Amino acid sequence: MHDIQPTEPPVDCQACARLVDLRRQLQDQFPDWHNAPVPTFTAPEPSLLVVGLAPGMKGANCTGRPFTGDYAGDLLYKTMLEFGFAEGVYQARPDDGLVLKDAMITNAVRCLPPQNKPTGEEIKNCRPYLLATLDANPSVRAVLALGRIAHDTFLTALNLRKALFPFAHGAAHKLPGTNLTMFDSYHCSRYNTNTGRLTEDMFRSVFNGIREHIPHE
């Protein structure tokens, strides 16, 4: 276990000057938005952890719930509902009543970065919260990494050599020293789906593998 750490950064986290500057700009422009670190969305005792890279500006940074309000969330929650990892109706807002079942969703970086690209230092600054989230949820058995950077970030957080676990859509990696298996998927962004890099069937195939690893109870 790691030293006990809070699982979420403070609402006014000051760790990353660049992200703080952007947050303050958006607080002035869009005072009704969340514009703060986005907390993890979770069910009690989850078996699946979904890891994205960072909040989207008009998605989680606006709504305050991971993958809520942008296209990536449309596909992610649709698929999680289909495979029994969520319940309710996803309506792209945090008060839609959707709940997760046996799953949790977080981002490696909890604040919105410019151009959706956090720096290595920003990822490092947020790493304690990712590790604390894992420590606080020992029931997690599977991790879904959405995109190569989320994949690499998760391995680095666990001090595992990235070269030993190459990213590939549909790949599954048993992570030594843990009880975790990491599943890889291309990110469910509009760009990836519009270009055909990721189809709904390709995304569903990853969840098929996760469901084989975590059967319905």
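Just so you know, these numbers come straight off a predicted model, no measurement behind them.

Moving on to the environment of valine 206. Mapped onto the secondary structure, valine 206 falls in helix H7 (residues 200-213). Using a relative accessible area of 4% as the deciding quantity, one classes valine 206 as buried. The spacing of valine 206 and leucine 144 is 62 residues in sequence and 8.7 Å in space, taken between C-alpha atoms. Contact partners of valine 206, with chain neighbours within four places excluded, come to Leu144, His169, Gly170, Phe183, Asp184 and Ser185.

To continue, consider the pattern of salt bridges. Per the stated rule, a full pass over the model turns up eight salt bridges. In this structure, glutamate 87 engages lysine 101 in a salt bridge whose closest nitrogen and oxygen atoms are separated by 3.7 Å. One end of the pair, glutamate 87, is in strand E3 (residues 86-87); the other, lysine 101, is in the loop between strand E4 (99-100) and strand E5 (103-107), with 14 residues separating them in the sequence. On the basis of relative accessible area, lysine 101 is assigned to the partly exposed category, the value being 38%. Its salt-bridge partner being arginine 93, residue aspartate 95 comes within 2.6 Å of it at the nearest N-O pair. When its relative accessible area of 37% is taken as the criterion, arginine 93 is described as partly exposed. Residues joined in a network through salt bridges with shared partners are Glu82, Asp201 and Arg204.

Right, let's talk about the packing of helix H3 (residues 71-82) against H7 for a bit. At their nearest, the axes of H3 and H7 sit 10 Å apart, and the two run at 50° to each other. On the basis of the axis angle, H3 is oblique to H7. Relative to H7, H3 is oriented so that their crossing is right-handed. Contact residues: H3 offers Leu75, Leu76, Lys78, Thr79, Met80 and Glu82, while H7 offers Glu200, Phe203, Arg204 and Phe207. The residue makeup of the contact of H3 with H7, split by class, is five nonpolar, one polar and four charged.

As a further point, take helix H1 (residues 17-29). Here H1 spans 19 Å end to end across 13 residues, near enough to the 18 Å set by a 1.5 Å rise per residue. All of the buried residues in H1 are Leu19, Val20, Leu22, Arg23 and Leu26. In an axial view of H1, the angular spread of the buried residues amounts to 165°, which keeps them on one side of the axis. Residues of H1 that are exposed and angled more than 90 degrees away from the buried face: Ala17, Asp28 and Gln29.

Here the focus is the nonpolar core. In terms of nonpolar packing, the biggest core is built from 31 residues, with Leu48, Leu76, Met80, Leu144, Cys188, Phe207 and Ile210 touching the most fellow members. Going through the elements one at a time, strand E2 (48-52), H3, E5, strand E6 (142-146) and H7 are the ones with two or more residues in this core. With five residues, the top contributor of residues to this core is H3. In contact with cysteine 188, other than residues within four places in its own chain, are Phe67, Tyr71, Ala72, Leu75, Leu76, Leu146, Leu198 and Phe203. Core analysis: the next-biggest nonpolar cluster, separate from the first, contains 19 residues, Leu130, Ala150, Ala157 and Leu160 among them.

Turning our eyes to something else, we now look at the pairing of strand E8 (residues 181-185). By the criterion of burial, E8 is predominantly enclosed, with five of the five residues buried. Neither face of E8 is left uncovered, since the one carrying Thr181, Phe183 and Ser185 and the one carrying Met182 and Asp184 both have all their residues buried. One ladder, built from five bridges, connects E6 with E8; its direction is parallel. In the strand pairing of E8, alanine 142 is matched with threonine 181. As paired strands, strand E7 (residues 172-174) and E8 are joined by three bridges and run antiparallel to one another. Of the residues in E8, the one forming a bridge with histidine 173 is methionine 182. If you look at the hairpin formed by E7 and E8, you'll find six residues sitting between the two strands, and glycine 177 has a positive phi there, around 80°.

Cut-off values and rules
- Residue positions are given per chain, counted from 1 along the sequence in the order it is written.
- Confidence filtering applies because this is a predicted model: local features only for residues at pLDDT of at least 70, side-chain atom pairs given and counted only at 80 or more, and all residues used for totals across whole chains, interfaces and linings.
- Only hydrogens and water are set aside; all other atoms, that is, all heavy atoms of the structure, feed into the side-chain values.
- Secondary structure elements follow DSSP: runs of H or I of four or more residues count as helices, runs of E of two or more count as strands, with numbering from the N terminus.
- We call a residue buried when its accessible area falls under 20% of the maximum for its residue type, exposed when it is over 50%, and partly exposed in between, using a 1.4 Å probe and counting protein chains only.
- In this analysis, two residues are considered to be in contact whenever any of their non-hydrogen atoms come within 4.5 Å of each other.
- By definition, a salt bridge exists where a carboxyl oxygen of Asp or Glu is found within 4 Å of a side-chain nitrogen of Lys or Arg.
- Each axis is a line fitted through C-alpha atoms, and for a helix only the stretch in contact is used; angles between axes span 0 to 180 degrees, taken between their N-to-C directions.
- An angle below 35 degrees is read as roughly parallel, one above 145 as roughly antiparallel, one from 65 to 115 as roughly perpendicular, and any other as oblique.
- Throughout, a crossing is termed right-handed when the near helix is turned clockwise from the far one, and left-handed when it is turned anticlockwise from it by less than a right angle.
- Three classes are used, and their members are as follows: Ala, Val, Leu, Ile, Met, Phe, Trp, Tyr, Cys and Pro are nonpolar, Asp, Glu, Lys and Arg are charged, and the others, Gly among them, are polar.
- Residue count minus one, scaled by 1.5 Å, sets the expected span of a helix.
- To be clear, the arc concerns the directions from the helix axis to the C-beta atoms.
- Here, nonpolar core means buried Ala, Val, Leu, Ile, Met, Phe, Trp, Tyr and Cys residues that are tied together by side-chain atoms lying within 4.5 Å of each other.
- When DSSP finds at least two bridges between two strands, those strands are taken to pair.

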